[in-house]
Amino acid sequence: QVQLVESGGGLVQAGGSLRLSCAASGRTSSSYTMAWFRQAPGKERESVAAITWNGAGTRYADSVKGRFTISRDNAKNTVALQMNSLKPEDTAVYYCAAKYSSSWYPSRIASEYDYWGQGTQVTVSS
């Protein structure tokens, strides 16, 4: 029904920046909460950031507050994650996710999301 494809990952030195993008296709709707999750080897998938269907509300993990910014463009069916001041601890596969919702409170619970992208690797060197 809905396909999500991430792009923009790569290798960057600590302190550098990357911008991830997620493109949605299929039966898309603006009434989605969108989110970014990440997973490092041997660790559980964790929430990074989430944004409401209208972009009015955002939430971030404490570890990325002040460094990462999530945004969306419903006309283009895209969501982005701007990552600044990257740290080696940010190294992980980053996943885009979508959830049917018209709420102003964006969920950061992975099990609530309906659609997932394939992931894009982000590696931050020391």
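Computed from a prediction, not measured in an experiment: that's the story for all the values here.

K.L.:
Could you clarify how one ought to interpret the state of the cysteines in this entry?
P.N.:
Think of a disulfide as a covalent bridge from one cysteine sulfur atom to another cysteine sulfur atom. Under the criterion given, the structure shown has one disulfide. Paired through a disulfide, Cys22 and Cys96 show a sulfur-sulfur distance of 2.2 Å. Classification of the bridge connecting Cys22 and Cys96 rests on its S-S torsion, roughly -80°, and on that basis the disulfide is left-handed. In this pair, Cys22 sits in strand β3 (residues 18–26) while Cys96 sits in strand β9 (residues 92–100), placing the two residues 74 residues apart along the sequence. The burial state of Cys22 is the same as that of Cys96; both residues are buried.

K.L.:
Explain the nonpolar core to me, please; I cannot follow it from the model alone.
P.N.:
For soluble globular proteins, nonpolar side chains are generally found buried alongside one another. Core analysis: the biggest nonpolar cluster contains 29 residues, and Trp36, Leu81, Met83 and Tyr94 have the highest contact counts within it. When residues of this core are traced back to their parent elements, those giving at least two are β1 (2–7), β3, β4 (32–39), β5 (46–51), β7 (68–73), β8 (78–83), β9 and β11 (120–125). Ranked by the residues each element gives to this core, the list is headed by β9, at four residues. Sequence-distant contacts of Leu81, defined by excluding residues within four places in its chain, comprise Leu18, Arg19, Leu20, Trp36, Val48, Ala49, Phe68, Thr69, Ile70 and Tyr94. Within the second largest apolar cluster, five residues are counted, among which are Ala35, Phe37, Ala50 and Ala97.

K.L.:
Honestly, the environment of Lys43 in this entry has me stumped. Any pointers?
P.N.:
Considering the arrangement of structural elements, one finds Lys43 in the loop between β4 and β5. Sequence-wise, Lys43 and Leu4 are 39 residues apart; in three dimensions their C-alpha atoms are separated by 23 Å.

K.L.:
Help me understand the pattern of salt bridges, please; the structure alone is not making it clear to me.
P.N.:
Where side chains of opposite charge bring their charged atoms close, a pairing between them can arise. Inspection of the entire model under this criterion finds four salt bridges. Note that Lys65 and Asp62 form a salt bridge whose closest N and O atoms lie 3.1 Å from each other. Both residues of the pair, Lys65 and Asp62, belong to the exposed class. Taken together, the salt bridges that share partners define one network made up of Arg38, Glu46, Arg67 and Asp90.

K.L.:
Can you walk me through the packing of aromatic side chains in this structure?
P.N.:
Working definition: an aromatic ring pair is given by the centre-to-centre distance plus the angle between the planes. One pass over the structure, following the stated rule, counts seven aromatic pairs. An angle of 85° between the planes, with centres 6.4 Å apart, marks the rings of Tyr32 and Tyr115 as edge-to-face. Of this pair, Tyr32 sits in strand β4 while Tyr115 sits in strand β10 (residues 115–116), and the two are 83 residues apart along the sequence. Across the pair, exposure class does not vary: Tyr32 and Tyr115 are buried alike. Chaining the aromatic ring pairs together yields one cluster made of Tyr32, Tyr100 and Tyr115. The positively charged end of Arg45 is found above the aromatic ring belonging to Tyr95, 3.9 Å away from the centroid. The residue whose ring lies beneath Arg45 is Trp116, and the NZ or CZ to ring-centre distance is 4.8 Å.

Calculation notes
- Residues numbered from 1 in each chain as written.
- Predicted model: local features only at pLDDT ≥ 70, side-chain atom pairs only at ≥ 80, totals over all residues.
- Heavy atoms only, no water.
- Disulfide = S-S within 2.5 Å.
- Helix = DSSP H or I, 4+ residues; strand = E, 2+ residues; numbered from the N terminus.
- Buried < 20%, exposed > 50% of the residue type's maximum accessible area, 1.4 Å probe, protein only.
- Core = buried A, V, L, I, M, F, W, Y, C linked by side-chain atoms within 4.5 Å.
- Contact = heavy atoms within 4.5 Å.
- Salt bridge = Lys/Arg side-chain N within 4 Å of Asp/Glu carboxyl O.
- Phe/Tyr/Trp six-rings, centres within 6.5 Å; stacked < 30°, edge-to-face > 60°.
- Lys NZ or Arg CZ within 6 Å of the ring centre and 35° of its normal.

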